[in-house]
Amino acid sequence: MLLPAGSMMLALLASLVPLGSLAGQGAMPGFLLITVFFWAVERPGWLPLLPVFLAGLLIDLVSGGPVGLWALSLLLFYVAVRRERATLIKMGPSARWTAFIAGVLLTGLFAWALASLYYFTMLPPGTITWQVVVTVVLYPVWMLVLAPMRRFVTD
Amino acid sequence: MNEPSRRIAGRFSALTSRASLVFLIVFAVALLLLGRAENFMIEKAREVAIDWVVPVIHTVASPFNLVRDLFDEVAVYSDLHESNARLQAEVDEMKDWKAHARELELKLARYEALLNVQPDPSINYITGQIVAETGGPFVEAVLVDVGREEGAASGDAVIDGNGLVGRIVATGDKASRVLLLTDLNSRVPVMIEPGEARAVLAGDNTRWPKIEYMSSSVPVGVGARVFTSGDGGLIPPGLPVGTLIAMRDGSWRVALLSGDKRIDYVRVLKYIFPNKVDQPGPPDSLKNAPPYKAPEAQPTSGTPPVVTDPAGNKTKKLAPPVPPVPPAPSAQAPVIMPEDLPADAPGAPDAPALPGSDADQRGD
């Protein structure tokens, strides 16, 4: 239980570090999405729904955006990945990455639609598209950080 | 544990998990609705979260900053020769501008003296560092490590070395959130020069904020400089914002001076709008005078009326009543026909005052 919580905290902090032009303005929930995906596939029993919800809520509170937006998006992403765990666990790294891309695309689309509804205006899709691209590119890098934890999971 | 017990425990666990999922979804939706109503509790929670996150981020970001600075240094050294030549050219150009600026400074001082212009109130500032880019894909905001304890307050303008960055929208004890000019909710009154056209700079989560409600009487062009106008009294006037760019659909946007570069250190401006004026009242010379006594009734015709001055002496006679003036043809200004104007008059139809013309530059 400590490992998922610790990795979530690390992802949260990494998301908030001012990377500036390196990753565009606020590459926010990218690391969290990857971490949530990792634990949903590897050991969902170690990561209950509440920490996922709270991590998203903290992102919402700190960002100044709609409170509940990322809490809900992250939660639904986690539940969806957990439902498909049986399929995902059999996949190789590349296929799993492809599945992650599909999941992030859908989550990004959902968050964008919800945010547009919240603000009663069609938000420009450019930023969220860029966020999805950054998250997808970050996936293998962040997996290098998470990979050592897999040893504890199998043990 | 036997098989039936295990099955019951499994079902109970699944039921609990499903119930908690439904509860959390409902809770998130409720939070979204509450946030839409700008609930006080949510704002307070945001402040607490900012105060909690910023010191941690400050520590965590240090190695990242070191690496980033290292990359920046390497980038600088890699084009040292080119940048040196470019800077030399800029210095040569700046020398001419310096002389020109001195000349204009003297001229401005002379005009201000002539017009008795009151100088702007001194603006104090607090320097802070951007510690987190928290906005995400739907919010353009950053966290600065200056909070209530340092004197920051909601509404304060934030600038960097290039120009206006945004304004503070939430303040914790040790940190504040700065809403950038590009954010969907950002609205800043601006002035476009030359011409002093007033407008509102409205962010829409894109790179270049829109120009809205521009006073159309003044022509503006691409590359015109955009400054804060100071309207509303929240942000001081004259802060550089960016330059005007034209879009294909005919609208105007602004290329921000603080746009493409990484924001690092900023200044939070403590601007106090000079709106503290005394309550309206009688002039000082009349404050100690005895109460005014109404004049006695006078016959409607014959001798002119006699009034009583504040001291009670019936001494001053008014002039006979002036007959009413017939109304002017226009409520704003008398109408002058074009044929009445001399051919070289500034307002003559054949000589419109265009930007750059002599008529437009008569203030220089």
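A few points on the structure. Just so we're clear, the structure is a prediction, and the values are computed from it rather than from any experiment.

## Considerations on the overall build of chain A
Looking only at helices and strands, one finds seven helices and zero strands in chain A. Beginning at the N terminus, the succession of helices and strands in chain A can be written as α-α-α-α-α-α-α. Residues counted as buried form 57% of the 155 residues belonging to chain A. Taking the contacts inside chain A whose residues are at least 6 apart along the sequence as the reference set, 74% of them involve residues at least 24 apart. Of the roughly 6500 Å² that chain A leaves accessible, carbon and sulfur atoms contribute 75%.

## A closer look at the overall build of chain B
When its secondary structure is counted, chain B shows four helices and 14 strands. Sequence separation of at least 24 residues holds for 51% of the intrachain contacts in chain B that already meet a minimum separation of 6. As presented, chain B carries roughly 24500 Å² of accessible surface, and 60% of it is formed by carbon and sulfur atoms.

## Comments concerning helix α2 (residues 30-42) of chain A
When the terminal C-alpha atoms of α2 of chain A are compared, their 18 Å separation across 13 residues agrees well with the 18 Å that a helix rising 1.5 Å per residue should span. Taking burial as the measure, the 13 residues of α2 of chain A include 13 buried ones, the bulk of the element.

## Side note on unusual backbone geometry
A positive phi angle is found at F120 of chain A, which is not glycine, with a value near 55°. Relative to the helices and strands, F120 of chain A resides in the loop between α6 (93-119) and α7 (126-154). A relative accessible area of 66% places F120 of chain A in the exposed class. Phi is positive for Y213 of chain B, which is not a glycine, with a value near 55°.

## Things to note about helix α2 (residues 40-78) of chain B
At A61 of chain B, α2 of chain B shows its maximal kink, close to 40°; a proline, P63 of chain B, follows between one and four residues later. Residues of α2 of chain B that are buried include every one of I42, R46, E47, A49, I50, D51, V53, V54, I57, A61, N65 and R68 of chain B, and no others.

## Some remarks on the side chain of T171 of chain B
All names here are of chain B. Looking at the element boundaries, T171 is found in strand β4 (residues 164-171). Since its relative accessible area comes to 6%, T171 is described here as buried. A polar contact of 3.5 Å, which involves the side chain of T171, links it to the backbone nitrogen of S154. Residues contacting T171, with those up to four places away along its chain left out, are E47, G147, R148, A152, A153, S154 and S176.

## Examining a nonpolar patch on the surface
Residue and element names in this part refer to chain A. Among the surface-exposed residues, W130, V133 and V137 lie close enough to one another that they form a single nonpolar patch of about 280 Å² accessible area. Tracing the backbone through its elements, the reader meets V133 in helix α7. On the accessibility criterion, V133 (40% relative accessible area) is partly exposed.

## Here's the deal with the nonpolar core
By size, the foremost hydrophobic cluster in this structure holds 79 residues, and its most contacted members are L32, I34, F37, F53 and F100 of chain A together with I57 and F138 of chain B. Structurally, this core is a two-domain feature, drawing no fewer than three residues from each of domain 1 (10-70) and domain 3 (124-270) of chain B. Not counting residues within four places of it along the chain, the set of residues in contact with L32 of chain A comprises M8, A11, L12, S15, A55, I59 and L74 of chain A. Membership of the second largest hydrophobic core comes to 22 residues, among which are V188, A224, V241 and W252 of chain B.

## Considerations on the interface of chain B and chain A
Of the residues lining the interface, 46 residues belong to chain B; the matching set on chain A comes to 47 residues. Carbon and sulfur atoms make up 72% of the surface buried where chain B meets chain A, a total of about 3900 Å² over both sides. Between chain B and chain A we count eight residue pairs in polar contact (both at pLDDT 80 or more) in total. Its residues placed into classes, the side of chain B that touches chain A shows 29 nonpolar, nine polar and eight charged.

The rules behind each value
- Residues numbered from 1 in each chain as written.
- Chains lettered and ligands numbered in written order.
- Predicted model: local features only at pLDDT ≥ 70, side-chain atom pairs only at ≥ 80, totals over all residues.
- Heavy atoms only, no water.
- Helix = DSSP H or I, 4+ residues; strand = E, 2+ residues; numbered from the N terminus.
- Buried < 20%, exposed > 50% of the residue type's maximum accessible area, 1.4 Å probe, protein only.
- Contact = heavy atoms within 4.5 Å.
- Areas by Shrake-Rupley, 256 points an atom, 1.4 Å probe, with all protein chains shown as cover.
- Expected span 1.5 Å × (residues − 1).
- Bend = angle between axes of the 7 residues up to and from the residue.
- Polar contact = N/O pair within 3.5 Å; in protein donor to acceptor, adjacent residues only side chain to side chain.
- Patch = residues over 30% accessible without salt bridge, like charges linked within 9 Å, V, L, I, M, F, W, Y side chains within 5 Å.
- Salt bridge = Lys/Arg side-chain N within 4 Å of Asp/Glu carboxyl O.
- Core = buried A, V, L, I, M, F, W, Y, C linked by side-chain atoms within 4.5 Å.
- Domains from an automatic or database assignment.
- Buried area = accessible area lost by both parts, 1.4 Å probe.
- Nonpolar A, V, L, I, M, F, W, Y, C, P; charged D, E, K, R; others polar.

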